[in-house]
Amino acid sequence: MKTVSDWIDSCSTEQMETYQQWFNFADSDGDGRVTGNDATKFFALSNLSRSQLKQIWAIADTKRQGFLGFQEFVTAMQLIALAQAGYDINSDILKTEIDNENIKSPVMEGLDALAAKTESSTINAQIDAFGTAQPQPLPPNQWGASKSVKKLPLNAVTSIIDGLKKLYVERLKPLEVTYRFNDFVSPLLTNSDFDAKPMVMLLGQYSTGKTTFIKHLLRCEYPGAHIGPEPTTDRFVVVMSGSDERSIPGNTVAVDASMPFSGLSTFGGSFLSKFQCSQMPHPLLDEITFVDTPGVLSGEKQRTQRSYDFTGVISWFAAKCDLILLLFDPHKLDISDEFKRVIASLRGHDDKIRVVLNKADQIDTQQLMRVYGALMWSLGKVLNTPEVVRVYIGSFNDKPINKGFVGPLGQDLFEKEQNDLLADLVDIPRKACDSRINEFVKRARSAKIHAYIISHLKMEMPALMGKAKAQ
């Protein structure tokens, strides 16, 4: 017995070759993507109901991109085979155990006839164009590749991200350029901003476990990571996927067109010297990028001014990130003045904020209840929101939980809280497209308001005389 997820991953070589042929046939424009229209026509050959096909698409397109790549197409084909075998297709199907020996390959009725018709129409088109038939040698069993492959037209949209890019270039960017939105509010967006992986930013005072949290998720250290009781992380570190392990200086990152960090150059060289990118090959980093931040200052250290706009940088990253984790230590619940300014700079991104009470196994159950109450009281004064913020309680490191303090009840609580937080992180790639749309709409509204304000101020300014007085 295997779960459906394991069964999908264990396709035979013959099945993969067949699916590759089908994928080539379903991909009508040859761009490596099966769009919704392509899938509607091709999946209809399975004779499944519309509701079943809708559920199959929703499961296969996990990232809600609006198209299927080859791996997602394979998932869809395997789910069609399950539906034809009588299984109920629902959101929990991937966890269901099945007897894979009795499941046959999906049956797509009329596929051979449709392929022959497509091949015939392709040859006829060549005869009409040149007056004589142009013989095209076809590899055996590769009828799926015989369709007319054409380049994707510039006005075509095959994914949600492509649609947002087109909307931005054609509609929003001209407005931003006209009213100098990039000079007043935010730099112009580039393709790398749309194509960037979802980001998670970690904030908190020093030694609250921000770097250890990332190490715990990756199960290894990333290049340039330093962990200790003293303030070890003295710079902003972006941990992202790469072909090999290396650290890239901030000035290089800011001018790299393939990375979405060109806007950070506005904070000057002092900041860029405190910024770096750590790359390493890791399956988790293929889906999510982490942003490790310097510890927020407290006590006497607050009197020492940073050499760059710390809260401004935090605000810039907050606009780019999909999730913001505020980490607290049970022994450091005080919210310093700088921490208040940092939290204030997150205003407008309240839906992204999650609070983590880390190192909770260092205190017993009675103290934990008091600490939790004190933390909620402190946050209520700073966040200025009537809603209760979500607080995850646990000890997010590689060490075993201190059972002497927490006991069996606390251990069970920590495991459930950790599972909830991990589930929240797993949902980030799935909601990436929704987040992109949400941020795009917020930017469009902000640009519209900015345009109205600038237009009004321009109308109020005298044409020839009295400009200084009007100002």
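About the thresholds
- Residues numbered from 1 in each chain as written.
- Predicted model: local features only at pLDDT ≥ 70, side-chain atom pairs only at ≥ 80, totals over all residues.
- Heavy atoms only, no water.
- Helix = DSSP H or I, 4+ residues; strand = E, 2+ residues; numbered from the N terminus.
- Expected span 1.5 Å × (residues − 1).
- Buried < 20%, exposed > 50% of the residue type's maximum accessible area, 1.4 Å probe, protein only.
- Pairing = 2+ DSSP bridges.
- Axes fitted to C-alpha atoms, helices over the stretch in contact; angles between N-to-C directions.
- Core = buried A, V, L, I, M, F, W, Y, C linked by side-chain atoms within 4.5 Å.
- Contact = heavy atoms within 4.5 Å.

J.: Explain helix H5 (residues 70-84) to me, and be specific about the residues and the numbers.
T.: Taking 1.5 Å of rise per residue, the 15 residues of H5 would be expected to cover 21 Å, and the 21 Å separating its terminal C-alpha atoms lies within 8% of that figure. Burial analysis of H5 places 12 of its 15 residues in the buried class, the great majority of the element. Inspection of H5 places Phe70, Phe73, Val74, Thr75, Ala76, Met77, Gln78, Leu79, Ile80, Ala81, Leu82 and Ala83 among the buried residues, and these make up the whole buried set.

J.: Give a detailed account of the sheet that holds strand S5 (residues 199-204), specifying residues and quantitative values.
T.: Reading across from one edge, S7-S8-S6-S9-S5-S10-S11-S12 is the order of the eight strands in this open sheet, with mixed pairing throughout. Two strands lie at the open edges of the sheet, namely strand S7 (246-249) and strand S12 (391-393), each paired on one side alone. On average, each strand axis in the sheet is inclined to that of its neighbour by 25 degrees, with strand direction left out of account. Strand direction decides the pairing type here: S5 and strand S10 (residues 323-328), joined by five bridges, are parallel. The partner of Met201 across the bridge, within S10, is Ile324.

J.: I'd like a rundown of the nonpolar core, residues and numbers included.
T.: Grouped together as the largest cluster of nonpolar side chains are 50 residues, with contacts concentrated most on Phe261, Phe275, Phe317 and Phe328. In this structure, Phe261 is in contact with Met199, Val238, Met240, Val253, Ala254, Phe275, Trp316 and Phe317, ignoring residues within four places of it in sequence. Counting residues in hydrophobic clusters, the runner-up holds 36 residues, among them Val4, Trp22, Ala76 and Leu79.

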